[in-house]
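Chain and residue survey
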Amino acid sequence: MKKSEVRNQKSEVRNQKTEVRRQKPEFKTPKVPGGILPRPHRGIFRVILPAVLLTIVGTASLRAATLEGTVSDPDGRVVRAARVTLLTALKAADVRRSDAEGRYRFDNLEPGDYQVVATAPGFSTSPVRVELSRGADVTLDLRLQLSAVQQHVVVSASLGGALAPEIGSSVSVVTHSEMAQRDAPNVLEALRGVAGLDVNQTGRWGGATGVFIRGGNSNYNLVMVDGIPVNQFGGDFDFASLPSDGVERIEVLRGPQSALYGSNAVTGVINIISERGDGPPHFTALAEAGSFNTHRFSTGASGLTHGWGWSADLSQLISQGVVANDRYRDQSAFFTLGYQKNPRRQFNFHFFGNANDAGAPGPYGSDPDHLFPGLDTVSRDKQNLFGYAVNYAEDFSPRFRQVLIATLTTNDYYFRSPYGDSYSNNWRGTLNTRSEIAVSTRDFLVAGFEYSRERVRNTYIADANNNPFTLPRTSIAYFVENRWTPTHRVFVTAGVRADVFHTHSLPPDAFGTRPFIPASSITRADPRISVAYLAHEGSSDAWLGMTRLHGSFGTGIREPSGFELAFTNNPLLKPERSVSFDSGVEQRFLGNRAQVDATYFYNRFEDQIVVLGGSLTNLSTFTSANLGNSRAQGMELSFRIRPLLSLELNGEYTLDATTLLAVEGTSVALAPFHVAQPLIRRPKNSGFFNVTWQHRRLMLNANAYVRGAALDIEPNLGTYACVLGLPCFFTNKGYTRADAGFSYRLPKGLELYGRLNNLLNQKYEESYGFPALHLNFMAGMKLNFPAE
């Protein structure tokens, strides 16, 4: 037989055997203990398992959607590094930066309705609505329009964040590009020019710096870094050390916000937001030097890799100063790590650290009472500030989201002085959880709970043996907020927060002025309501654009500081509080190329804590009491104009009329103050103007800050000079500070820049007795990779 015939016979035999096996009767084998499948069931399992997995994967792919597109300018050219924000009814779902080809992409999206907003310096878009269905792959190209106003998603003005035009409260955003144009080395310089704010520094690098919002005290502002509260126990905060390196934007919310944040948000909130990793990897480096042997260095990186968003920045500033013992050193670090492979789950970790060391030569300027003893060559102030935050959010459904936030802050000071060294250690931890519910497409509800514990330990807060002790305070808060949009033109936000403050007992002091004060608890409720109304919507190319009316009302509180609690025999000391409202109108022109805003505000401050002693009171040698009252009212005017892509102008004017009112239950003020006196270091008139011009690789910038006269106090002894029979109140004359700078972009991502500060060489003092820097310059080089 041939070999081929033999092979065919063998094949027929195999087929017959296979047919016999197929005709065998089926049988069932019982389960084997331990869960091991018998052989027949293993076969079935091998067939079913891949099918099940394929079904699951297929279902998942059907449920997920993708949104992508290209961002371009009005001429159709692609825009790199544009910020594209995706919003849902619950939140700002995600953010992307367009790549070198102008492309952006959002993956793994749940089906539903979304809004998309894109911004870039000098450009913006109106919110674009898009509906995603299951498994959809949608392409949405975004065409930016020349605009003086960018569509910001503001996270500080409401729980969950909202678009700026939908917010009734007064809010300003200082962007990274604005800080870069002005070459602002720190946050305090970036805040100059924000309507309603007055920045007051003791004259030099590292000098103590306070910010006054709408006439309130400098400890009436809640300050946050990436949502981490960094105020000291009682609300104080020194802005001198906060760098601008690594900062993406600064949100400034004016008006009381205790309904959102509790204590310290009496007149406003300042939230410094660091860079995020939301695009292709990007690296930066900076080195500059200038007057007074000043050097500044910075390096940073950010990117988005396989769902992991990361960013980091390190910076250092060193200056030898103007006089002896004026050397300043500042080192800062930002780090952010986030994971959002699935838009339904978000995880973020934030870290901020700052260590600074500043000399304190004293008030060597104006000395009207001839009390200055000479330069202090010993005193120095050291600070270590660290903040940590963990944020986790889970979308359990398109209408329900749970958010959990934990923060920890340490803020330690050490002060060396010829009269003896001292220290102050501040610690705060918070745990906040909230539920976000989309009741309907027009109704958004947030409710939650917050636990906060803070403590202070200070050299001068001591017991009967003159030993410092730790003073703790606990806060438990419940809050609710509702954002309601009855029509597409009306936006109403209302909320209330109830805080229960528990302050631990205080032992008696060594001087007999403070007896044992038992632990105490106090409850405060703070409401807030804001309304925005689009009276005229306008269009992107109309001469008369959007007309927006906005207004808000609310109350704010500040818990007593460690000193106010320690230097008292008053066990009933209450929080200071404010009652405030504002109302204004925003008008846009020329297709959003021009914007004007005018806002009236009124603040009344009550239960202000004053320290009494000696002949001023019969309560004890020293005591703190809620007797003070004051008022601030005025007007904020601001404008932005971008007639051309290469030219931008903006400015503001603030009228801030402050008045000291009579002590509670009387018609007089506490000596040496008097009724109707302006509040200290709050000018009635101030203004700011900024202009930026760009042509290809060259950028020129000039700005000027104008401040009117303000009442101030004797710089050496303060109001105690009046006790000695000397004048203690003086008028600090106004001044104009003008700055100018340039930058030029070289190939390969290099950029040269320089700046003249106080180019008119004005001799002025922001704080009476502390001279500001005269004419000075800074120049340096930046590196961006990849090149912008």
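From a predicted model like this one, the values you see are computed outputs, not experimental measurements.

1. So, the side chain of Arg 428
Within the secondary structure, Arg 428 is located in strand E27 (residues 422-440). By relative accessible area, Arg 428 is classed as buried at 9%. A polar atom in the side chain of Arg 428 sits 2.8 Å from the side chain of Glu 454. Those residues in contact with Arg 428, other than ones at most four positions away along the chain, are Pro 229, Asn 231, Gln 232, Asn 264, Thr 407, Leu 408, Thr 409, Ser 452, Arg 453 and Glu 454.

2. Examining the pairing of strand E25 (residues 380-397)
Pairing analysis gives 15 bridges linking strand E24 (residues 345-359) to E25, with the strands arranged antiparallel. Bridge pairing links Phe 352 to Gly 387 in E25. Here E25 pairs with strand E26 (residues 400-416) via 17 bridges, running antiparallel. Bridge assignment links Tyr 388 to a residue of E26, and that residue is Leu 408.

3. As for the side chain of Thr 267
As for its placement among the helices and strands, Thr 267 is situated in the loop between helix H5 (258-261) and strand E19 (268-274). A distance of 3.1 Å separates the side chain of Thr 267 from the side chain of Asn 221, its partner in a polar contact. Leave out the neighbours within four places in its chain, and Thr 267 touches Ile 213, Gly 216, Tyr 220, Asn 221, Leu 253, Arg 254, Gly 255, Pro 256 and Phe 605.

4. Comments concerning the packing of aromatic side chains
Each aromatic ring pair is specified by the distance between its two centres and by the angle formed by the two planes. Enumeration according to the criterion identifies 19 aromatic pairs in this entry. Here the aromatic rings of Phe 639 and Phe 689 are separated by 6.5 Å at their centres, their planes lie at 35°, and the arrangement is tilted. Separated by 50 residues along the polypeptide, Phe 639 in strand E35 (residues 622-644) and Phe 689 in strand E37 (residues 685-695) bring together distant segments of the chain. Here Phe 639 falls in the partly exposed class, since its relative accessible area comes to 27%. A cation over an aromatic ring shows up here: Arg 473 above the ring of Phe 233, its NZ or CZ 4.0 Å from the ring centre. In this structure, Lys 782 packs its charged tip against the face of Tyr 753, placed 5.0 Å from the ring centre.

5. Some thoughts on a nonpolar patch on the surface
A surface patch of nonpolar side chains, amounting to about 590 Å² of accessible area, comprises Tyr 392, Leu 404, Leu 431, Tyr 451, Ile 476, Tyr 478 and Val 500. The residue Tyr 478 is located in strand E29 (residues 468-487) in this model.

6. Things to note about the sheet that holds strand E16 (residues 221-225)
Pairing in this open sheet of five strands is mixed, and the strands run E13-E18-E19-E16-E17 from one edge to the other. Unpaired on one side and paired on the other, strand E13 (170-175) and strand E17 (228-229) mark the two borders of the sheet. As defined by bridge partners, strand E18 (residues 247-254) adjoins E19 across seven bridges and the pair is classed as antiparallel. If you follow Arg 254 over to E19, its bridge partner there is Gly 268.

7. What about the environment of Ser 624?
Within the secondary structure, Ser 624 sits in strand E35. What makes Ser 624 buried here is its relative accessible area of 0%. In this structure the C-alpha to C-alpha distance between Ser 624 and Thr 568, which are 56 residues apart in sequence, comes to 5.0 Å. Ser 624 has contacts with Glu 564, Phe 567, Thr 568, Asn 570, Leu 573, Ile 609, Val 610 and Val 611, leaving out every residue within four places of it along the chain.

8. Looking at the pairing of strand E42 (residues 750-757)
Pairing analysis gives six bridges linking strand E41 (residues 735-745) to E42, with the strands arranged antiparallel. Paired with Phe 742 across the bridge in E42 is Gly 754. Connecting E41 to the next strand, E42, in antiparallel fashion are four residues, including Lys 748 with a positive phi near 65°. As paired elements, E42 and strand E43 (residues 776-785) share eight bridges and run antiparallel to each other. Bridge pairing links Asn 757 to Asn 776 in E43.

Criteria and thresholds
Residues numbered from 1 in each chain as written. Predicted model: local features only at pLDDT ≥ 70, side-chain atom pairs only at ≥ 80, totals over all residues. Heavy atoms only, no water. Helix = DSSP H or I, 4+ residues; strand = E, 2+ residues; numbered from the N terminus. Buried < 20%, exposed > 50% of the residue type's maximum accessible area, 1.4 Å probe, protein only. Polar contact = N/O pair within 3.5 Å; in protein donor to acceptor, adjacent residues only side chain to side chain. Contact = heavy atoms within 4.5 Å. Pairing = 2+ DSSP bridges. Phe/Tyr/Trp six-rings, centres within 6.5 Å; stacked < 30°, edge-to-face > 60°. Lys NZ or Arg CZ within 6 Å of the ring centre and 35° of its normal. Patch = residues over 30% accessible without salt bridge, like charges linked within 9 Å, V, L, I, M, F, W, Y side chains within 5 Å. Areas by Shrake-Rupley, 256 points an atom, 1.4 Å probe, with all protein chains shown as cover. Salt bridge = Lys/Arg side-chain N within 4 Å of Asp/Glu carboxyl O.

Geometric descriptors of this kind do not, in isolation, establish any biological role.
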